Amino acid sequence: MENTPSSRRALLLRVLAMGAAVIPTMWAAAQYLAPRKGASRRLRPLGSIGDVFGSSMTAIVTLPSGTAMLRRNDEGVVTALSLTCSHAGCTVVVRDGGFDCPCHGGRFDTEGRPIAGPPKQPLERLEVRIDNDFLSVRA
Ligand code: FES
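Thresholds, definitions, all that
Residues numbered from 1 in each chain as written. Predicted model: local features only at pLDDT ≥ 70, side-chain atom pairs only at ≥ 80, totals over all residues. Pairing = 2+ DSSP bridges. Helix = DSSP H or I, 4+ residues; strand = E, 2+ residues; numbered from the N terminus. Core = buried A, V, L, I, M, F, W, Y, C linked by C-beta atoms within 7 Å. Buried ≥ 20, exposed ≤ 12 C-beta atoms within 10 Å, placed from the backbone. Contact = placed C-beta atoms within 7 Å.

Turning next to the sheet that holds strand β5 (residues 93–95). Reading across from one edge, β5-β6-β7-β8 is the order of the four strands in this open sheet, with antiparallel pairing throughout. Unpaired on one side and paired on the other, β5 and β8 (114–116) mark the two borders of the sheet. Inspection of the sheet shows strand β7 (residues 107–108) paired to β8 by two bridges, in the antiparallel sense. Bridge pairing in β8 links Arg 107 to Ala 116.

In this structure, Ala 68, Ala 80, Leu 83, Val 92, Leu 123 and Val 137 are the most contacted members of the largest nonpolar core, which totals 17 residues. Residue assignment for this core shows that the elements contributing at least two residues are β3 (66–72), β4 (78–82) and β11 (134–138). Setting aside chain neighbours within four positions, we find Leu 83 in contact with Gly 66, Thr 67, Ala 68, Met 69, Thr 91, Val 92, Phe 99 and Leu 123.

Right, let's talk about the sheet that holds β4 for a bit. Pairing is antiparallel in the open sheet, where four strands are placed in the order β2-β3-β4-β9. The open sheet has two edge strands, β2 (58–63) and β9 (125–126), and neither has a second partner. Where β3 and β4 come together, five bridges link them in antiparallel fashion. Pairing of Leu 70 across the sheet is with Ala 80, part of β4.

Our focus in this paragraph is unusual backbone geometry. For Asn 132, which is not a glycine, the phi torsion comes out positive at approximately 50 degrees. In this structure, Asn 132 sits in the loop between β10 (128–131) and β11. Positioned with a positive phi, Asp 133 is a non-glycine residue whose angle comes to about 70 degrees. Examined against the element boundaries, Asp 133 turns out to sit in the loop between β10 and β11. With 11 C-beta atoms counted inside 10 Å, the residue Asp 133 sits in the exposed group.

Before going further, it helps to examine the environment of Gly 66. Note that Gly 66 resides in strand β3. Residue class for Gly 66 comes out partly exposed when judged on the 17 C-beta atoms lying within 10 Å of it. When the C-alpha atoms of Gly 66 and Ala 139 are compared, they prove to be 8.4 Å apart, with 73 residues separating the residues in sequence. With residues up to four places along the chain from it excluded, the contact list for Gly 66 reads Ser 82, Leu 83, Thr 84 and Thr 91.

A separate point is the pairing of β2. Relative to β3, β2 runs antiparallel, the two being bridged by six bridges. Looking at the pairing, Ala 59 lines up with Leu 70 of β3.

Structure below.
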């Protein structure tokens, strides 16, 4: 086997050519397989306000995209906050004064804003619809 600079150069060119062919294919496959954020979101019917909340001002609901916390205020305004951590997708735990993420120590305030740890983005607010006392959340 000849080990000259030209044969090494030819080998290097073949390796680069293979990389040039494989990398775009892998990238396209990853784009195809990766879940698209928000792609399958639609309004999810939850029930009447009374069924969802009972006598409480908060409710935890399970949605196809994860768990969410619903809150209502004295004026009847309902908000929904995803409990999926914005860092790497773990489910955060409700605590006094906010939310804790058990995976990497992320912490969020009561409005879902990051206050400690690796998360840089807030917890996601989900769209809430109320039609004739019937509650739906886009998830
Ligand atoms: S997944 Fe929540 S802090 Fe990393």
